[in-house]
Structure formats: structure tokens, C-alpha cells
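Observations on the model geometry
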Amino acid sequence: MRADFDLGENGSVFPTRGGARFGAGRKPPGYEKPAVAVDFDVAKARKEAALADMHELNFKVKSGEYVARAAVQDASATLLASLSQSLRSIPDNLERKFHLSPDIAEQIEAVINASLSDLSEGLAMFTDETVG
């Protein structure tokens, strides 16, 4: 029969094959992680933070807290086109309903057009597009 342990000079036991050895796998005193490992840890933390942000954004979109920019732009454009059309019809409606003179209707139309132009210029600031 073969022994799997040897006895040392002071009576300590050492395994001859396999098994755990005292101090195996431990880092020596004063050991520091190499810079590459530290950079990897930083990159991994950044990735985890980005994934958490992405999941939070997806949750807010699905819960209706955030709305897609394109949907807001489309709804706003439709609403503003309808408003503009309604405002531009005011001079003709007033002219017919109250028997206004064409000169007064044109002055009302000019005021409405100036207001719509100001509104258009103000909205252009939101889109970074020039009004033409």
C-alpha cells in the first residue's frame, strides 16, 4: 500500500499527490492587481451602468412616462397645421358674418399672419431648422 502523505522533518504532513496544500492559491503579501485588471474592472462597471440606464429608459418608455420624439413632432405638426388653418379662416368668416369691409378683413389677416410667423420662428428654435 502506498502512502499519499509524507512526513516532514518537524513532523508536519505534506500531500504527495493532489489535495489542498497550505497557502496554495493565495496572493503573496503586498500583491496589487495589475493595471490591466483595474481597467477591466472600470470598463465592466461602465458597461453595467450603461445597461442599467438602458433598462430604466425602456421601462419609462413602456410605462408611458417617456414618449418617442417622432410621435411628439408628428402630433405637434398636425395640431399646429390645424390651428393655423383655423386662424387663417377668421378674416373671411368675420367679413361674411359681420359684413366687414375687405380692408378691415385684410388688416385682421395681416395681424394673424404676423402672429403665425412669430410662432413659426419660435418653434424653429426647438428644431434647429431655419424658417424659409
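Residues numbered from 1 in each chain as written. Predicted model: local features only at pLDDT ≥ 70, side-chain atom pairs only at ≥ 80, totals over all residues. Heavy atoms only, no water.

1. Some remarks on the overall build of the protein chain
A tally of helices and strands in the protein chain yields four helices and two strands. Along the protein chain, from the amino end to the carboxyl end, the secondary structure elements read β-β-α-α-α-α. Sequence separation of at least 24 residues holds for 19% of the intrachain contacts in the protein chain that already meet a minimum separation of 6. If you sum the accessible surface of the protein chain, you get close to 11700 Å²; carbon and sulfur atoms cover 59% of it. (Helix = DSSP H or I, 4+ residues; strand = E, 2+ residues; numbered from the N terminus. Contact = heavy atoms within 4.5 Å. Areas by Shrake-Rupley, 256 points an atom, 1.4 Å probe, with all protein chains shown as cover.)

2. Thoughts on a negative patch on the surface
On the surface, a cluster of negative charge is contributed by D92, D103, E106 and E109. Examining the composition of the negative patch, we find that three residues originate from one element, helix α4 (residues 102-127), more than from any other. By secondary structure assignment, the location of E109 is in helix α4. Exposure remark for E109: the relative accessible area of 37% places this residue in the partly exposed category. (Patch = residues over 30% accessible without salt bridge, like charges linked within 9 Å, V, L, I, M, F, W, Y side chains within 5 Å. Salt bridge = Lys/Arg side-chain N within 4 Å of Asp/Glu carboxyl O. Lys, Arg positive; Asp, Glu negative; His and termini not counted. Charge placed at Lys NZ, Arg CZ, Asp CG, Glu CD. Buried < 20%, exposed > 50% of the residue type's maximum accessible area, 1.4 Å probe, protein only.)

3. Concerning a nonpolar patch on the surface
Judged by side-chain polarity, L83, L119, L123 and F126 come together as a nonpolar surface patch covering roughly 390 Å² of accessible area. Examined against the element boundaries, F126 turns out to sit in helix α4. For F126, a relative accessible area of 70% gives the class exposed.

4. Focus: the environment of L83
Relative to the helices and strands, L83 resides in helix α2 (residues 69-88). Classification of L83 by relative accessible area gives partly exposed; the value is 41%.

5. Here's the deal with the packing of α2 against α4
Where α2 meets α4, the axes come as close as 10 Å, and the angle between the chain directions of the two elements is 165°. As the angle between them shows, α2 and α4 are arranged roughly antiparallel. Once α2 is placed against α4, the crossing between them reads as left-handed. Contact with α2, carried on its side by L80, S84, L87 and R88, involves I112, N113, L116, L119 and L123 of α4 and no other residues of that element. In terms of residue class, the contact of α2 with α4 is made up of six nonpolar, two polar and one charged. (Axes fitted to C-alpha atoms, helices over the stretch in contact; angles between N-to-C directions. Parallel < 35°, antiparallel > 145°, perpendicular 65-115°, else oblique. Left-handed = near helix turned anticlockwise from the far one by under 90°. Nonpolar A, V, L, I, M, F, W, Y, C, P; charged D, E, K, R; others polar.)

6. Here's the deal with the pattern of salt bridges
Note on pairing: side chains with opposite charge can pair once their charged atoms come close. According to the stated counting rule, one finds one salt bridge in the structure shown. Put simply, E56 and K60 hold a salt bridge, and the shortest N to O gap is 3.3 Å. One end of the pair, E56, and the other, K60, are both in helix α1 (residues 35-62), four residues apart, so they sit about a helical turn from each other.

7. Considerations on unusual backbone geometry
The residue H99 is not glycine, and still its phi comes out positive at about 55°. As for its position among the elements, H99 is in the loop between α3 (90-98) and α4. Taking relative accessible area as the criterion, H99 reaches 71% and is therefore assigned exposed.

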